[in-house]
Amino acid sequence: MQRILEEAKKISEEITGWRRHLHEIPELGLETPKTAAYIVQELKKMGAEDIREHIGGWGVSALVKGEKPGKTLGIRADCDALPIKEETGLPFASKNGLMHACGHDAHAAMALSAAKLLLASKAELAGTVKFIFQPAEENVQGAKAMIDDGVMENPHVDALIGLHTGCLWKEIGPGEIGVRFGSMMAAVDRFVVTFKGKGGHGATPHLAVDPVTMTATAVLELQTILSRELSPLDSAVLTIGRIEGGRAFNIIAENCVIEGTVRTLNPTTRAFVEERIRTVASRVAEGMRGDAEVAYEAGPPALINNADFTRKFQAFAAGLAGAEKVKEIGEPTMGGEDVAYFLEMVPGTFFVHGGCNPEKGQVYPHHNPKFDLDEETFPLGAALFAGFALNWQN
Ligand code: NI
């Protein structure tokens, strides 16, 4: 397996070139036409098969078909950027007011490199590898859009891997690999509760029904779902980020609205918290002579890595990079990742690629205008994708 890493190092200039070009043309959300066109152009150039465009908008897929029979592995790379004005001063910095400040440019470049490496190894490759270049990870719409448009079929994807580069997990240094068994990132849901009262004069509350007091009570009661009803060893977040009601100091409002997010690490807790938000909000409102309307919008599910698959990946990564470079991630985060939609459908693993090197001044966090990556770590990411594709069915 060392060979694939050597091969990846040989094309490091090309990897860097892909990354830099993508870095210069950042695009937002589902609208990634230039990014898609560039990826398609490069896939065509290297001879990838069955290149498909416009999957769920600007998503792209391509195949590398091995000469031996076998299953299909999906390799997913997200490709979208952020509405941040870049301040890195790099020669290939973006000038369009948007920025690849989360490393998705590198994800796409590493996936392109893996395709190139696998095209050169088709004789040894069992089965097929489907590359999935996904827009709109940041607003968590891209994976679902591509799945709804059939990206997991024709050929059917049997398992999937993806990575995140950078310094999201501090314990994963440059050139290191982070793996996690089970829940790794949270389900990201949004809810809106409208508390309905009856408007009136501030001087005569008894003739009105006050939705502001209902809301105030509910804001505190809702937190007890986590503190009093969940096991202290389970994790969940309930944050109310917006509260709005009333127009003047002496008027009792008709309605008061709260909007918030719920983060959970498993489907059972997720369903429980949703059900309890509905009940608590309604009962609090009813108890105060009003009404509550609850809208609950499920975002991506919790990102849960398949244990057997992850063990396989961990062993492979240790063989490739050295066991000391592969670390188990201690704690999940309550942030979300829409790769979870794929991993909800098929077994797989999402791993961390340490891509920031503090010795090179890469000390800025993700989503910072000075965020940057160590390009010397990219061949490792490419080799992990390609090498695992060659290995996983053994
Ligand atoms: Ni990201």
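Every chain begins its residue count from 1, and numbering advances along the sequence as written. Totals for whole chains, interfaces and linings use every residue, but because this is a predicted model, local features are given only for residues with pLDDT of at least 70 and side-chain atom pairs only at 80 or more, for both listing and counting. Water and hydrogen atoms were dropped before computing side-chain values, which therefore reflect all heavy atoms in the structure.

A few words on the layout of surface pockets. By volume, the largest pocket is sized at about 300 Å³. Buried and open spaces are told apart on a 1 Å grid over the protein atoms alone, a cavity being a set of points where a 1.4 Å probe fits but cannot get out and a pocket being an open set with protein on both sides within 12 Å along at least five of seven lines. Residues with an atom within 4 Å of a point are the lining residues. If you trace the largest pocket, you find 18 residues lining it, with C102, L168, M185, G336 and H367 closest to the centre. Looking at the lining of the largest pocket residue by residue, the class counts come to 7 nonpolar, 7 polar and 4 charged. Of the pockets and cavities examined, the second largest pocket occupies roughly 220 Å³. Grid points are joined across faces, edges and corners, and a volume is the space filled by probe spheres set on the points. Residue type decides the class: Asp, Glu, Lys and Arg count as charged, Ala, Val, Leu, Ile, Met, Phe, Trp, Tyr, Cys and Pro as nonpolar, and the leftover types, Gly among them, as polar.

Now for the packing of helix α6 (residues 211–229) against helix α7 (residues 267–287). In helix packing, the relevant descriptors are the interaxial angle and the interaxial distance, both defined with respect to the helix axes. Where α6 contacts α7, the two axes come as close as 9 Å, and the packing angle between them is 145°. Here α6 runs over α7; the crossing is right-handed. Contacts between α6 and α7 involve M214, T217, A218, E221, L222, I225, L226 and E229 from the first element and F272, V273, R276, I277, V280, V284 and A285 from the second. Note on definitions: angles span 0 to 180 degrees between N-to-C directions of axes, and those axes are lines fitted to C-alpha atoms, for helices only across the stretch in contact. Strands are runs of DSSP state E lasting at least 2 residues, helices are runs of H or I lasting at least 4, and numbering of each runs from the N terminus. Two helices crossing with the near one rotated counterclockwise from the far one by less than a right angle form a left-handed crossing, whereas a clockwise rotation gives a right-handed crossing. A contact between two residues is defined here by any heavy atoms of the two lying within 4.5 Å.

What follows covers the pairing of strand β16 (residues 348–354). For every residue, the accessible area obtained with a 1.4 Å probe (protein chains only) is divided by the maximum for its type, and the residue is called buried under 20%, exposed over 50%, and partly exposed between those limits. β16 sits mainly inside the fold: 7 of its 7 residues count as buried. Alternating positions in β16 separate into two faces, G348, F350, V352 and G354 on one and T349, F351 and H353 on the other, with burial throughout. A pair of strands counts as paired when DSSP detects no fewer than two bridges linking them. Examined bridge by bridge, strand β5 (residues 159–166) and β16 share 7 bridges and lie parallel to one another. In the strand pairing of β16, T165 is matched with H353. Of the strand pairs in this sheet, strand β6 (residues 177–179) and β16 are connected by 2 bridges, and their pairing is antiparallel. Bridge pairing links I177 to H353 in β16.

What follows concerns the domain arrangement of the chain. Partitioning the chain into structural domains gives domain 1 (2–185 + 302–391) and domain 2 (187–298). An automatic or database domain assignment supplies the residue ranges for each domain. Averaged C-alpha coordinates put domain 1 and domain 2 at centres separated by 39 Å. Each partner contributes to the interface: domain 1 provides 9 residues, whereas domain 2 provides 10 residues. By convention, the term buried area covers the 1.4 Å-probe accessible surface removed from two parts as they join, with the contributions of both added. The contact between domain 1 and domain 2 buries some 690 Å² in all, and 68% of this surface belongs to carbon and sulfur atoms. Salt bridges are counted wherever a side-chain nitrogen of Lys or Arg sits within 4 Å of a carboxyl oxygen of Asp or Glu. The tally of links between domain 1 and domain 2 comes to 0 salt bridges. Any N or O atom pair separated by 3.5 Å or less is treated as a polar contact, with the protein-specific requirement of one donor-capable and one acceptor-capable atom, and with residues adjacent in sequence counted only for side-chain atom pairs. Seen at the junction of domain 1 and domain 2, the total is 2 residue pairs in polar contact (both at pLDDT 80 or more). Broken down by class, the residue content of the side of domain 1 that touches domain 2 amounts to 5 nonpolar, 4 polar and no charged.

Among the structural elements, R270 can be located in helix α7. Beyond its immediate stretch of four places on either side in the chain, R270 contacts A187, D189, T264, Y296, A298, G299, P300 and P301.

Attention now goes to the nonpolar core. Side chains of a nonpolar character, in soluble globular proteins, are inclined to be buried together. Among the nonpolar cores identified, the biggest contains 70 residues, and L43, F131, F133 and I177 are the most heavily contacted of them. No other element matches helix α4 (residues 104–119), which puts 11 residues into this core. We define the nonpolar core as a collection of buried residues of types Ala, Val, Leu, Ile, Met, Phe, Trp, Tyr and Cys that are connected through side-chain atoms lying within 4.5 Å of one another. Counting 23 residues, the second-largest nonpolar core is a separate cluster that includes V157, L160, V339 and Y341.

Next up on the list: the coordination of the nickel ion. Sites may look incomplete because water is not among the atoms; the donors themselves are N, O and S atoms within 2.8 Å of the metal, or within 3.2 Å for Na, K and Ca. Looking at the metal site, the nickel ion is ligated by C102 (SG), H104 (NE2) and H164 (NE2), spaced 2.1 to 2.3 Å from it. Donor residues for the nickel ion, ordered by position in the chain, follow C-x1-H-x59-H. Within this pair, whereas C102 is found in the loop between β3 (68–78) and α4, its partner H164 is found in strand β5, the two being separated by 62 residues in sequence. By relative accessible area, which is 3% here, H164 ends up buried.

Quick look at empty space enclosed by the protein now. What the rule picks out here adds up to 1 cavity of 30 Å³ or more. When its volume is computed, the largest cavity comes out at roughly 40 Å³. Together, T32, T35, A36, I39, W58, V60, C79, F133, Q134 and P135 line the largest cavity. The leading source of residues in the lining of the largest cavity is helix α3 (residues 33–46), at 3 residues.

Let us now look at the sheet that holds strand β1 (residues 49–55). The sheet built from 8 strands is open, its strands ordered β1-β2-β4-β3-β5-β16-β6-β15 with mixed pairing. A strand with exactly one partner marks an edge of an open sheet, and here the two such strands are β1 and β15 (326–328). Shown here is a sheet whose adjacent strand axes are inclined to one another by a mean of 25°, direction ignored.

Right, let's get into the pattern of salt bridges. When the charged atoms of two side chains lie near each other, side chains of opposite charge can form a pair. Scanning the model with the defined rule gives 26 salt bridges in all. Linking R190 and E259 is a salt bridge whose minimum nitrogen-to-oxygen distance equals 2.8 Å. Taken together, the positions of R190 in strand β8 (residues 187–196) and E259 in strand β12 (residues 255–264) put the pair 69 residues apart, joining distant regions of the chain. Each of R19, R20, D105, D372 and E375 takes part in salt bridges that share partners, so that together they form one network.

Attention shifts here to the sheet that holds β12. Strands in a sheet are paired, the pairing made by backbone hydrogen bonds, and the direction either parallel or antiparallel. The antiparallel open sheet is built from 4 strands, whose spatial order is β10-β12-β8-β13. On the outer flanks of this sheet lie β10 (236–245) and β13 (291–297), each paired with one strand and no other. Across the sheet, the axes of successive neighbouring strands diverge by a mean angle of 20°, strand direction being ignored. Of the pairings in the sheet, the one linking β10 to β12 comprises 9 bridges and is antiparallel in character. Bridge pairing in β12 links A236 to T264. Strands β8, β10, β12 and β13 of the sheet are contacted by α6, whose axis makes an angle of about 175° with β10. On the sheet, α7 packs against β8, β10, β12 and β13 and is oriented at approximately 160° with respect to β13.

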